[in-house]
Amino acid sequence: MIPKSHPRYASLMQRHKIEEGVKQGYVTPTGMIAQGRGEAFDYLIGERTTKPADLAEKAAVAKLSVMRDVVISVNGNIAALCPEDVVELAKALDAKIEINLFYWTKEREARIAKILKKAGAEKVYGTGEKVQVPNLDSARGKVDLEGIYKADAVLVMLEDGDRTEALKAMGKFVVAIDLNPFSRTAQTADITIVDNVVRALPKMIEFAEEGCSVTGFDNNKNLKESIGEIKKTLGL
Ligand code: PTJ
């Protein structure tokens, strides 16, 4: 039992959600490594939503609010950390929710669908027949025709490697939430939010419900500013 007064309470609770997801079999064991990597970067940005992250969150919501067909992609870690926020954001943006797993198994897919439905999702994409994203050989390349395949924009979170490039090659607008500003996903997305998903999604819900607009957002500049936040922490 972790006391609420513990200085690292929030971070430890996230850890335990991931641990519980692994025990229940819907978070892949390597999801723990992904979480640990995220924690390290979160530490470096001060475990808070930085100014550039706040602006990127606003810019992402402003853009996604006016796009026709938006899909929020969910993997095991996201299902463990913030399924209710995913559902709420999807409602606020009128977006679809699709399960997309790197270490795909039918069982994990079914468990995650159940979690999302329990969190309030009416429909969950990515649980039936799938079609292939060109040039993406991993299981992430298998997507729902009515979901990610047809989407104009995709929100990806806690993502490994090369999917953002493949989705962009299909002409999609990609928003990524990634605590690591140096990752390939962060560097190739159209809008990169360098923040913890557990802080970013609630803020995005707020922006979507209030309504927001951002003009002249420059993702490269914003990413550099996020890296600047890390430099400040390091005293560089
Ligand atoms: O559930 P599956 O089968 O789809 O598997 C998913 C994992 C997590 C295994 C897969 O996506 C993976 O291996 O991810 P990586 O390569 O470790 O990358 C995850 C990225 O997300 C890293 O850049 C982390 O810094 C970042 N990250 C980790 N935790 C968070 C995060 N970003 C935002 N919020 C977090 N809580």
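Structural notes, computed from the coordinates. (Residues numbered from 1 in each chain as written. Predicted model: local features only at pLDDT ≥ 70, side-chain atom pairs only at ≥ 80, totals over all residues. Heavy atoms only, no water.)

**Thoughts on the overall build of the chain**
Thought 1: Per the secondary structure count, the chain includes 11 helices and 7 strands.
Thought 2: Relative to its length of 236 residues, the chain is compact, with a C-alpha radius of gyration of 17 Å against a globular reference of 18 Å.
Thought 3: A principal-axis box enclosing the C-alpha atoms of the chain has dimensions of 50 × 45 × 35 Å.
Thought 4: A total of 236 residues make up the chain; the buried ones form 51% of that total.
Thought 5: Just so you have it, the chain exposes about 11,400 Å², and 53% of that area is on carbon and sulfur atoms.
Thought 6: Computed over 34 positive and 34 negative side-chain charges, the inter-centroid distance for the chain is 2 Å. (Helix = DSSP H or I, 4+ residues; strand = E, 2+ residues; numbered from the N terminus. Rg over C-alpha atoms; globule rule 2.2 N^0.38 Å. Buried < 20%, exposed > 50% of the residue type's maximum accessible area, 1.4 Å probe, protein only. Areas by Shrake-Rupley, 256 points an atom, 1.4 Å probe, with all protein chains shown as cover. Lys, Arg positive; Asp, Glu negative; His and termini not counted. Charge placed at Lys NZ, Arg CZ, Asp CG, Glu CD.)

**Some thoughts on the site of the ligand**
Thought 1: Near the ligand you find 24 residues, and of these Phe102, Tyr103, Arg108, Leu158 and Asp178 are the closest.
Thought 2: For the ligand, an oxygen atom lies 2.8 Å from a polar atom in the backbone of Tyr103.
Thought 3: Here a nitrogen atom of the ligand and a side-chain polar atom of Asn196 are 2.9 Å apart.
Thought 4: When the ligand is considered free in solution it has 740 Å² of accessible area, and contact with the protein chains removes 94% of it.
Thought 5: Residue assignment for the shell around the ligand shows that the elements contributing at least two residues are helix H2 (30–44) and helix H4 (76–81).
Thought 6: In the shell around the ligand, the residues fall into 8 nonpolar, 9 polar and 7 charged. (Near = heavy atom within 4 Å. Polar contact = N/O pair within 3.5 Å; in protein donor to acceptor, adjacent residues only side chain to side chain. Nonpolar A, V, L, I, M, F, W, Y, C, P; charged D, E, K, R; others polar.)

**Thoughts on the nonpolar core**
What tends to happen in soluble globular proteins is that the nonpolar side chains get buried as a cluster.
Thought 1: The biggest cluster of nonpolar side chains holds 47 residues, and the ones touching the most others in it are Val86, Leu116, Met157, Ile177, Ile193 and Leu201.
Thought 2: Here this core gets 7 residues from one element, more than from any other, and that element is helix H10 (residues 197–210).
Thought 3: Ile193 has contacts with Ala53, Ala56, Glu57, Ala60, Val175, Ala176, Ile177, Asp178, Ala200 and Met204, leaving out every residue within four places of it along the chain.
Thought 4: The next biggest cluster of nonpolar side chains, apart from the first, holds 13 residues, and it includes Leu136, Ala151, Val174 and Ala189. (Core = buried A, V, L, I, M, F, W, Y, C linked by side-chain atoms within 4.5 Å. Contact = heavy atoms within 4.5 Å.)

**A closer look at helix H5 (residues 83–93)**
Thought 1: Among the residues making up H5, those that are buried are Pro83, Asp85, Val86, Val87, Leu89, Ala90 and Leu93.
Thought 2: Of the residues one or two after H5, Asp94 is the one with positive phi, at around 55 degrees.

Treat this as a map of the structure, not an account of what it does.
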